[in-house]
Amino acid sequence: MAESKMPIAVFDSGLGGISVLKELVRLLPNENFIYYGDTANAPYGIKSADEVRVLTFSVYERLKSRGVKAFVIACNTATSVAVAALREKYPDDIIIGVEPALKPAVLCAPHPTVAVLATPLTLREEKFASLMGRFSDKAKIIPFACAGLVEFVERGEITGEGLQEFLDGLLAPLKREQLDAVVLGCTHYPLVKDAILESLGGGALIFDGSEGTARETKRRLEAARLLSDGTEGSVIFLDSSYPDVENPEASALLRFGGEYLCS
Ligand code: DGL
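Reference entry: report on the structure contained in this document. (Residues numbered from 1 in each chain as written. Predicted model: local features only at pLDDT ≥ 70, side-chain atom pairs only at ≥ 80, totals over all residues. Heavy atoms only, no water.)

Further remarks concern the overall build of the chain. In terms of regular secondary structure, the chain is built from 11 helices and nine strands. For the chain, whose C-alpha radius of gyration is 18 Å, the value lies close to the compact-globule estimate of 18 Å for 263 residues. With respect to the principal axes defined by its C-alpha atoms, the chain has extents near 50 × 40 × 35 Å. Expressed as a percentage of the 263 residues in the chain, the buried residues total 52%. (Helix = DSSP H or I, 4+ residues; strand = E, 2+ residues; numbered from the N terminus. Rg over C-alpha atoms; globule rule 2.2 N^0.38 Å. Buried < 20%, exposed > 50% of the residue type's maximum accessible area, 1.4 Å probe, protein only.)

With that out of the way, let us pick up the pattern of salt bridges. Under the counting rule described, the total for this entry stands at 14 salt bridges. The closest approach of N and O atoms between E61 and K89, which form a salt bridge, is 3.0 Å. Residue E61 is found in helix 2 (residues 49–64), and its partner K89 is found in helix 3 (residues 76–89); the two are separated by 28 residues along the sequence. On the basis of relative accessibility, which here comes to 30%, the residue E61 falls in the partly exposed class. (Salt bridge = Lys/Arg side-chain N within 4 Å of Asp/Glu carboxyl O.)

A few words now on helix 8 (residues 161–175). The sharpest bend along helix 8 measures roughly 40° and falls at G169, with the proline P173 sitting one to four residues further on. Among all positions of helix 8, only L163, Q164, L167, L170, L171 and L174 are buried. (Bend = angle between axes of the 7 residues up to and from the residue.)

What follows concerns the packing of aromatic side chains. Throughout the structure, instances matching the rule amount to six aromatic pairs. Here a set of aromatic residues connected by ring pairs shows up, and it is made of F11, Y36 and Y44. The ring centre of Y260 lies 4.6 Å from the NZ or CZ of K22, which sits over that ring. R155 extends its terminal NZ or CZ atom over the ring of F152, reaching a point 4.4 Å from the ring centre. (Phe/Tyr/Trp six-rings, centres within 6.5 Å; stacked < 30°, edge-to-face > 60°. Lys NZ or Arg CZ within 6 Å of the ring centre and 35° of its normal.)

With that settled, the discussion passes to the pairing of strand 8 (residues 205–208). In the sheet, strand 7 (residues 181–184) pairs with strand 8 via four bridges, with the strands oriented parallel. Note that in strand 8 the partner of V182 across the bridge is I206. For the handedness criterion, the β-α-β arrangement of strand 7, helix 9 (residues 193–200) and strand 8 is classed as right-handed. (Pairing = 2+ DSSP bridges. Right-handed = clockwise from strand over helix to strand, strands pointing away.)

Moving on, we come to the site of the ligand. The local shell around the ligand holds 13 residues, among which S13, Y44, G45, T77 and H188 are the closest. The backbone of G45 places a nitrogen or oxygen atom 2.7 Å from an oxygen atom of the ligand. Partitioned by chemical class, the residues of the shell around the ligand number five nonpolar, seven polar and one charged. (Near = heavy atom within 4 Å. Polar contact = N/O pair within 3.5 Å; in protein donor to acceptor, adjacent residues only side chain to side chain. Nonpolar A, V, L, I, M, F, W, Y, C, P; charged D, E, K, R; others polar.)

This part covers the sheet that holds strand 3 (residues 70–73). Reading across the sheet, the five strands line up as 4-3-1-2-9 and stay open at both edges, with parallel pairing between neighbours. The open sheet has two edge strands with one neighbour each: strand 4 (95–96) and strand 9 (234–239). Here strand 2 (residues 32–37) pairs with strand 9 via six bridges, running parallel. Directly across from I34, in strand 9, lies its bridge partner I236. Its contacts with the sheet place helix 1 (residues 18–27) against strand 1 (8–12), strand 2, strand 3 and strand 9, and it is angled at close to 175° to strand 2. (Contact = heavy atoms within 4.5 Å. Axes fitted to C-alpha atoms, helices over the stretch in contact; angles between N-to-C directions.)

The next subject is the nonpolar core. It is characteristic of soluble globular proteins that their nonpolar side chains tend to be buried jointly. The biggest cluster of nonpolar side chains holds 47 residues, and the ones touching the most others in it are L117, L171, L174, Y189 and I196. Broken down by element, this core gets its largest block of residues, five residues, from helix 8. Those residues in contact with I196 that sit more than four places away from it in its chain are L117, L149, L167, L171, L184 and Y189. Listed in part, the 25 residues of the second largest apolar core include I34, Y36, V52 and V81. (Core = buried A, V, L, I, M, F, W, Y, C linked by side-chain atoms within 4.5 Å.)

Encoded structure:
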């Protein structure tokens, strides 16, 4: 049975979910969070749906066994393939997923051109097809798979020439479009937002779902009367590359993630 003093689990394949965690901490400063990065198995976005479903269930159940009051799947890829099955198996759990923030992006201009950057697996899944279907008469939507980008973030290369060259090559086809908006449909991408903007040039607006996810988490906890009544919250980092250690000092989650959280 969930209780208000329990922590909130936040989960991603690696560092990316820290972009969501940052908004959660900002909005819910009195909560305790357990952040789990499955870095030993990242990246998820180039794996098969079945593989990612198995990995997601395994992390979920591991976190569940610690006693948490809510789960934030801070990964578009894992949400795409596993959130429906998790909700079916655990109907009493509070499970918040993420999806590309297409809705606010299509409202940014009359019939805008919107690129959705995400992992190959997210864009292949039915969940994305149905999201895109809801807005396809209101905008020109360009799904754009960014294989290889997550690896830069995972090794902490979030600025510099190597990253910029990679992005210039990857995003070149998008430069031919008059983009009004770019949706960051992978939680790793906000960590390299400036480099993405630099490559694209121009004045496209950038959208990501982190703030919306944090607001939804607050709403769900409020509705269930599970908001913490403590005074100061905390974050514990777990990293599958360092099993059974809390806050592993060698983990990039602590080094880069910690800095990003405080920036
Ligand atoms: N951060 C994840 C997402 O939002 C996936 C990254 C990966 O490929 O592991 O889709």
